[in-house]
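Here's the letter readout for the chains.
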Amino acid sequence: MICVNRETLKSFASKYLCWKTPEDAAVMPERIIAQVMNMGDYSDVQALVTLVGDDVLREVLTRAEAGQFNERSWAYWHYRLGLADVDHVPPLPVRRFA
């Protein structure tokens, strides 16, 4: 479980999770963090990195669900966080149907 001050994530939630209220979104901080990692502008990403740190970002990335990241963001964050070597980015998560 990710321990982050949920109040500070609400401003990101209002910008990047428009289909939920910030209060509802704050219940799942990892979803907010993933959205900012995937879609955030430069200043929001920098603020997020300062707020949560690389260890939390690594946890969000390694536990990502299908559809949370596009290919470009997926590759960027794997390289940025030291989770991949050049040309060895793991595949994006996929949905599995039982």
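Keep in mind it's a predicted model, so treat the numbers as computed, not measured.

With respect to the overall build of the chain
Then, number 1: Within the chain, the secondary structure is distributed over five helices and zero strands.
Then, number 2: In sequence order, the secondary structure elements of the chain are arranged as α-α-α-α-α.
Then, number 3: In summary, the chain has a C-alpha radius of gyration of 13 Å against a globular reference of 13 Å for 98 residues, a match within 12%.
Then, number 4: In terms of overall dimensions, the chain has a C-alpha envelope of 40 × 35 × 25 Å along the principal axes.
Then, number 5: A buried classification covers 38% of the 98 residues belonging to the chain.
Then, number 6: Considering only residue pairs separated by 6 or more positions, the chain has 45% of its internal contacts joining residues 24 or more positions apart.
Then, number 7: With an accessible surface of roughly 6300 Å², the chain has 53% of that area assigned to carbon and sulfur atoms.

Quick look at the pattern of salt bridges
Two side chains with opposite charge may pair up if their charged atoms get near one another.
Then, number 1: Tallied over the entire structure, the rule returns five salt bridges.
Then, number 2: Residues Asp54 and Arg80 are paired through a salt bridge, measuring 3.2 Å at the closest nitrogen-oxygen approach. Here Arg80 lies in helix α5 (residues 71-80) and Asp54 lies in helix α4 (residues 42-62), a separation of 26 residues in the sequence.
Then, number 3: Among the residues examined, Asp54 registers a relative accessible area of 26% and is labelled partly exposed.

What about the nonpolar core?
One broad trend across soluble globular proteins is that nonpolar side chains are buried collectively.
Then, number 1: Of all hydrophobic cores here, the largest spans 26 residues; its most connected members are Ile33, Met37, Leu48, Leu57, Phe69 and Trp77.
Then, number 2: Those elements that place two or more of their residues in this core are α1 (6-16), α3 (29-39), α4 and α5.
Then, number 3: A per-element tally of this core places α4 first, with eight residues.
Then, number 4: When sequence neighbours within four positions are dropped, the list of residues in contact with Trp77 reads Met37, Val45, Val49, Leu57, Leu61 and Phe69.

Some points on α4
Then, number 1: Taking 1.5 Å per residue, 21 residues should reach 30 Å; α4 reaches only 22 Å between its end C-alpha atoms and comes up short.
Then, number 2: Along α4, the helix axis deviates most sharply at Gly53, where the bend reaches about 95 degrees.
Then, number 3: Of all the residues in α4, the buried ones are Asp44, Val45, Leu48, Val49, Val52, Val56, Leu57, Val60 and Leu61.
Then, number 4: In this structure, the buried side of α4 is in contact with α1, α3 and α5.

Thresholds applied
Residues numbered from 1 in each chain as written. Predicted model: local features only at pLDDT ≥ 70, side-chain atom pairs only at ≥ 80, totals over all residues. Heavy atoms only, no water. Helix = DSSP H or I, 4+ residues; strand = E, 2+ residues; numbered from the N terminus. Rg over C-alpha atoms; globule rule 2.2 N^0.38 Å. Buried < 20%, exposed > 50% of the residue type's maximum accessible area, 1.4 Å probe, protein only. Contact = heavy atoms within 4.5 Å. Areas by Shrake-Rupley, 256 points an atom, 1.4 Å probe, with all protein chains shown as cover. Salt bridge = Lys/Arg side-chain N within 4 Å of Asp/Glu carboxyl O. Core = buried A, V, L, I, M, F, W, Y, C linked by side-chain atoms within 4.5 Å. Expected span 1.5 Å × (residues − 1). Bend = angle between axes of the 7 residues up to and from the residue.

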